[in-house]
Amino acid sequence: MNNESMLKIAICDDEQPIRDYLKKLTEKCTDAQVHVFANGEELLSDPTVYDIILLDISLNRKPDSGKPNGMEVAKKIRETSDVIIIFVTALKEYVFEGYDVGAFHYLLKPVDEQKFMEVMDKAISQIKKEKNTQPLIIRMDGNYIKIPVNNIIYAENEARKIVLHTKNMKEETYSFYEKMEVLEQKLGDHFFRSHRGFLVNLQEVVRYDNANIELKNGDRVFLAKQKYNDFVTAYMNYLRKA
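By the naming in an unreviewed UniProt entry, the protein chain goes by Stage 0 sporulation protein A homolog and is assigned to Roseburia faecis. The heading Function (unreviewed entry) in the UniProt record of the protein chain holds the text "May play the central regulatory role in sporulation. It may be an element of the effector pathway responsible for the activation of sporulation genes in response to nutritional stress. Spo0A may act in concert with spo0H (a sigma factor) to control the expression of some genes that are critical to the sporulation process."

**Q** Whenever I open this one, the sheet that holds strand 15 (residues 220–222) confuses me. Can you help?
**A** Note: strands within a sheet are paired through backbone hydrogen bonds, in either parallel or antiparallel orientation. Across the sheet, which stays open at both edges, the 3 strands sit in the order 13-14-15 with antiparallel pairing between neighbours. Of all strands in the sheet, those with a lone pairing partner are strand 13 (205–208) and strand 15, marking the two edges. Across this sheet, the average inter-strand angle for adjacent strands is 30°, counted without regard to direction. Inspection of the sheet shows strand 13 paired to strand 14 (residues 212–215) by 3 bridges, in the antiparallel sense. Across the sheet, residue Val205 finds its bridge partner in strand 14, namely Leu215. Across the sheet, helix 6 (residues 228–241) touches strand 13 and strand 14, and the angle it forms with strand 13 is around 145°.

**Q** Before we go on, may I ask you to explain the packing of aromatic side chains in this structure?
**A** The description of two aromatic rings rests on the distance between their centres and on the angle between their planes. Taken as a whole and judged by the stated rule, the model has 9 aromatic pairs. Relative to Phe231, the ring of Tyr208 lies with its centre 5.0 Å away and its plane at 80°, an arrangement referred to as edge-to-face. Here Tyr208 is found in strand 13, whereas its partner Phe231 is found in helix 6, with 23 residues between them in sequence. Phe231 sits in the buried class, given a relative accessible area of 0%. Its guanidinium or amino end placed over the ring of Phe192, Lys227 lies 5.9 Å from that ring's centre, counting from NZ or CZ.

**Q** Honestly, the layout of surface pockets in this entry has me stumped. Any pointers?
**A** Regions of empty space are outlined by a rolling probe, equal in size to a water molecule, passed over the atoms. Looking at the second largest pocket, its volume works out to about 250 Å³. Along its surface, the second largest pocket is lined by 13 residues, and Asp46, Thr48, Ile77, Thr80 and Ser81 are the ones closest to its centre. Elements supplying a minimum of two residues to the lining of the second largest pocket: helix 2 (40–45) and helix 3 (70–78). Here the lining of the second largest pocket is composed, by residue class, of 8 nonpolar, 3 polar and 2 charged.

Conventions used here
Residues numbered from 1 in each chain as written. Predicted model: local features only at pLDDT ≥ 70, side-chain atom pairs only at ≥ 80, totals over all residues. Heavy atoms only, no water. UniProt positions renumbered as here; feature names shortened; annotations may be inferred. Pairing = 2+ DSSP bridges. Helix = DSSP H or I, 4+ residues; strand = E, 2+ residues; numbered from the N terminus. Axes fitted to C-alpha atoms, helices over the stretch in contact; angles between N-to-C directions. Contact = heavy atoms within 4.5 Å. Phe/Tyr/Trp six-rings, centres within 6.5 Å; stacked < 30°, edge-to-face > 60°. Buried < 20%, exposed > 50% of the residue type's maximum accessible area, 1.4 Å probe, protein only. Lys NZ or Arg CZ within 6 Å of the ring centre and 35° of its normal. 1 Å grid on protein atoms, 1.4 Å probe; cavity = no way out; pocket = protein on both sides within 12 Å on 5 of 7 lines; lining within 4 Å. Points joined across faces, edges and corners; volume = space filled by probe spheres on them. Nonpolar A, V, L, I, M, F, W, Y, C, P; charged D, E, K, R; others polar.

Here's what the structure looks like:
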């Protein structure tokens, strides 16, 4: 996974042993970029756009601390972002405050490793689902066009352009300048590069053999011999998660 597509996760807690423990658990369940913060001011001043924030809800609860507590940090984040916030707290009474800022979930200290893995897995699955529903924006004939990712059947190289085959009513195609490697990163893991000239939507696959993939619209695309095993693995993983 390259840096552009890698998940970015922030951990904010004023106790170093807990920060270290949460970082260890996070790195155990995902290869995301993990940034650690000792207080809310550091987190709020960081320009990084995060996918998930693990935030101590009881952060700086002392009135004379001079620093924002966890809830104040969350409210500030919510002014500009819908990032997934997972609260971490030692006190159950703070849990209900989390609903005011649309917290995804909460974890009680001491954090149970199995519970942590379950919550993170749900959060990551939601992020992937949201990314797969975001439209692809292309530039064609001087105009910008939004195309729902789930409407894309496959993409193919044609000269120096990419042609998108979609499942709109007229099975429209869209031709635009782009590198297939760049498009592959934009579309994510529901798509597979079956050949240097083809990128297929796994949800559109009907059947396959060691040389071709047949899609729901009846088209067949090449499956490179050296890609066969990787394709089978990717397709089986997709079916398990579908």
